[in-house]
Amino acid sequence: MSEIIVQKFGGTSVGSVERIGIVANIVAEASKSKKIIVVVSAMGGETNKLVKLANHFGENPDKREFDALVSTGETVSSALLAMALHSKGIKAKSYSASQISMRTTDSFSKAKILDVDADKILKVVDDNTIPIITGFQGITEGGDITTLGRGGSDTTAVAIAAQVGAKRCDIYTDVDGIFTTDPKVVSNAKKLDSITMEEMLELAGQGAKVVQTRAVEFANKFDVPVRVLSSFNDGSGTLISLGEENMENALVSGIAFQKDQVKFTLHGVGDIPGTAFKILGPISEADIEVDVIVQNVSVDGKTDFTFTVSSDEQATVQNIIESIKKDVNFRELIIDSSIAKVSIVGAGMRSQAGVASAAFRALSENDVNIQIICTSEIKITMVIDESLVEKAVQVLHDEFNLDE
Ligand code: ADP
Ligand code: ASP
Ligand code: MG
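Being a predicted model, the structure only gives us computed values, none of them experimental.

Cut-offs used in this document
Residues numbered from 1 in each chain as written. Chains lettered and ligands numbered in written order. Predicted model: local features only at pLDDT ≥ 70, side-chain atom pairs only at ≥ 80, totals over all residues. Heavy atoms only, no water. Helix = DSSP H or I, 4+ residues; strand = E, 2+ residues; numbered from the N terminus. Buried < 20%, exposed > 50% of the residue type's maximum accessible area, 1.4 Å probe, protein only. Contact = heavy atoms within 4.5 Å. Lys, Arg positive; Asp, Glu negative; His and termini not counted. Charge placed at Lys NZ, Arg CZ, Asp CG, Glu CD. Near = heavy atom within 4 Å. Polar contact = N/O pair within 3.5 Å; in protein donor to acceptor, adjacent residues only side chain to side chain. Nonpolar A, V, L, I, M, F, W, Y, C, P; charged D, E, K, R; others polar. Pairing = 2+ DSSP bridges. Axes fitted to C-alpha atoms, helices over the stretch in contact; angles between N-to-C directions. Core = buried A, V, L, I, M, F, W, Y, C linked by side-chain atoms within 4.5 Å. Areas by Shrake-Rupley, 256 points an atom, 1.4 Å probe, with all protein chains shown as cover. Parallel < 35°, antiparallel > 145°, perpendicular 65-115°, else oblique. Left-handed = near helix turned anticlockwise from the far one by under 90°. Salt bridge = Lys/Arg side-chain N within 4 Å of Asp/Glu carboxyl O.

Caption draft 1: Just the overall build of the chain, in detail. When helices and strands are tallied, the chain shows twelve helices and 18 strands. Projected onto its principal axes, the C-alpha positions of the chain cover 75 × 50 × 35 Å. Split into buried and exposed, the 404 residues of the chain put 48% on the buried side. For the chain, long-range pairs separated by at least 24 residues make up 74% of all intrachain contacts whose partners lie at least 6 apart in sequence. Computing the positive centroid from 39 side-chain charges and the negative centroid from 56, the chain places the two 5 Å apart.

Rendered as structure tokens:
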């Protein structure tokens, strides 16, 4: 049997019936030489509309019903794409998560994929039929519909590619590949021909939404080569490479940023063993990802404990902190929702010093105040005021000559 390629088409790529027709052409062309499995997102804007509808009867809709509703966009696009392929004389069938047993955990809206019925998908492929699978959705053990978090169709695609042993997962989107930063924010951002898996993990984790972080994690875990390319323009896109690169690693490969963040500071908390765990334990139990975590040196046995979470989690985290107040003494809880994170990523940082100081100088010369700095081997993350993000990203992009 010829090699299998999983093709994933994002919302803009299937944003209208005309666009679905174009996607059908791409699929038809590829199917001449390869076995193709397709994963689709909802038509652009549809998921947002469903989220808005869900909030009509109250701000906190039932989580199960929320997922049942917002998962439906993908059902529409998968059936439409199958029809578009039929109109070209190509055999195709749409499949929902339940039809291919895409089993997930039961944390609604951020469910994690557990496993999928690869044999069922492969049977369809063997029958010379192209399976068009709904992205973003899953089902629990009990048969409830779940969703995988915004941008989750990427993860569906990579998970299926891993399970069926596909040669590659091609993620078709509205830009030509992975750029040095978001090309919609920095007009001279440059497309990369390839990027290492570890760099992509950091960029995605720090907000470059071009590929969902979980999808990159899957690709890394199961060694799935992933290519990101445009469904609008021809081109070879960007390959996320699995192996070590032979060439010198770039000092800085890209800049990611993330708005919709909120910073919590517990001011005047006791500097005693167990404090960090008492604060972050219940937050992690609630399945909430905590990002930048900083604790200051203490003065008179008291310190400040700061961390950031996604804005969606603000109310939940606030409730948790209120509930542990009797256990963790602190003077004041300060919540700042007008912050954002900007991150510089580059594998070459490991072996070369000076990136951090160059970044700090460039930002200070442009009046961007850095509130928190947090580093890892190949990444520097800075928390800044949300209104300065675009400026900071442009300044850093220029500082490291990423357009060259
Ligand atoms: P899709 O609907 O195809 O899944 P997304 O909107 O989720 O598309 O992701 C593509 C978008 O990601 C691009 O339009 C771009 O604005 C944004 N983006 C952010 N960072 C990058 C980057 N480093 N390279 C390319 N695109 C990026
Ligand atoms: N339709 C979902 C969203 O808008 C999933 C996806 O597009 O990947 O987030
Ligand atoms: Mg996406």
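After that view of the structure, there is still more to cover.
Caption draft 2: Spatial organisation of the site of ligand 2. Near ligand 2, the surroundings consist of S41, A42, T47, E74, F136, R150, G151, G152 and S153. For ligand 2, a nitrogen atom lies 2.7 Å from a polar atom in the side chain of E74. A distance of 2.7 Å separates an oxygen atom of ligand 2 from a polar side-chain atom of R150. For the shell around ligand 2, the per-class residue count stands at two nonpolar, five polar and two charged.

Caption draft 3: Molecular detail of the sheet that holds strand β18 (residues 379–385). With antiparallel pairing, the six strands of this open sheet are ordered in space as β14-β15-β13-β16-β18-β17. Sheet topology places β14 (293–295) and β17 (372–376) at the edges, where each strand pairs with a single neighbour. In this sheet, adjacent strand axes meet at a mean angle of 25 degrees when their direction is disregarded. Here β14 pairs with strand β15 (residues 302–310) via three bridges, running antiparallel.

Caption draft 4: Structural view of the sheet that holds strand β10 (residues 194–196). The eight strands lie next to each other as β3-β6-β2-β1-β9-β11-β12-β10, forming an open sheet whose pairing is mixed. Only two strands of the sheet have a single neighbouring strand rather than two, namely β3 (92–95) and β10. With direction set aside, neighbouring strand axes in the sheet form an average angle of 20 degrees. Sheet analysis places β3 next to strand β6 (residues 130–134), joined by four bridges and oriented parallel. Counted as the bridge partner of S94 is I132 from β6. Lying on the sheet, helix α7 (residues 197–205) is in contact with β10 and β12 (238–241); it crosses β10 at an angle near 85 degrees.

Caption draft 5: The arrangement of the nonpolar core in detail. Counting 46 residues, the largest nonpolar core has V6, I37, V158, I160, C169 and M200 as its most contacted members. When residues of this core are traced back to their parent elements, those giving at least two are β1 (4–9), β2 (35–40), α5 (118–126), α6 (153–164), β9 (168–173), α7, α8 (213–222) and β11 (226–230). Sorting elements by how many residues they give to this core places α6 first, with six residues. Dropping the residues within four chain positions of it, M200 is found in contact with I178, I195, V210, V211, V216 and I240.

Caption draft 6: Seen up close, the site of ligand 1. The immediate surroundings of ligand 1 are formed by 17 residues, with T173, D174, F179, D182 and K184 found nearest. G11 places a main-chain nitrogen or oxygen 3.1 Å from an oxygen atom of ligand 1. Considered on its own, ligand 1 offers 570 Å² of accessible surface; in the complex 90% of this is hidden by protein. In the shell around ligand 1, the residues fall into seven nonpolar, five polar and five charged.

Caption draft 7: Layout of the packing of helix α9 (residues 275–285) against helix α10 (residues 314–324). Where α9 contacts α10, the two axes come as close as 10 Å, and the packing angle between them is 135 degrees. Looking at the two axes, α9 sits oblique to α10. Of the two possible hands of crossing, α9 and α10 adopt the one that is right-handed. Within the contact between the two elements, α9 uses K278, I279, P282 and I283 and α10 uses V317, I320, I321 and I324.

Caption draft 8: Main features of the side chain of S231. Turning to its location among the elements, S231 is positioned in the loop between β11 and β12. Among the polar contacts made by the side chain of S231, one reaches the side chain of R19 at a distance of 2.8 Å.

Caption draft 9: Inspection of the pairing of β17 at higher detail. Note: β17 against β18, five bridges, orientation antiparallel. Pairing of I373 across the sheet is with M382, part of β18. Taking the residues between adjacent antiparallel strands as the criterion, β17 and β18 are bridged by two residues.

Caption draft 10: Spatial organisation of the packing of α7 against α8. Viewed as axis vectors pointing N to C, α7 and α8 meet at an angle of 160 degrees, and their least axial separation amounts to 8 Å. The orientation of α7 with respect to α8, classified from their angle, is roughly antiparallel. For α7 against α8, the interelement crossing comes out left-handed. Of the residues in α8, those in contact with M197, M200, L201, A204 and G205 of α7 are T213, V216, E217, A219 and N220.

Caption draft 11: View of the pattern of salt bridges. Overall, the coordinates contain 22 salt bridges when judged by the stated rule. Notably, a salt bridge pairs K259 with E390, separated by 2.6 Å at the nearest N-O pair. Linking K259 in strand β13 (residues 254–270) with E390 in helix α12 (residues 389–399), this pair joins segments that are 131 residues apart in sequence. Assessed through its relative accessible area of 36%, E390 is described here as partly exposed. Between E399 and R361 there is a salt bridge, with the nearest N and O atoms lying 3.0 Å from each other. Of this pair, E399 sits in helix α12 while R361 sits in helix α11 (residues 355–365), and the two are 38 residues apart along the sequence. One network of salt bridges, with partners in common, ties together R64, E65 and D144.

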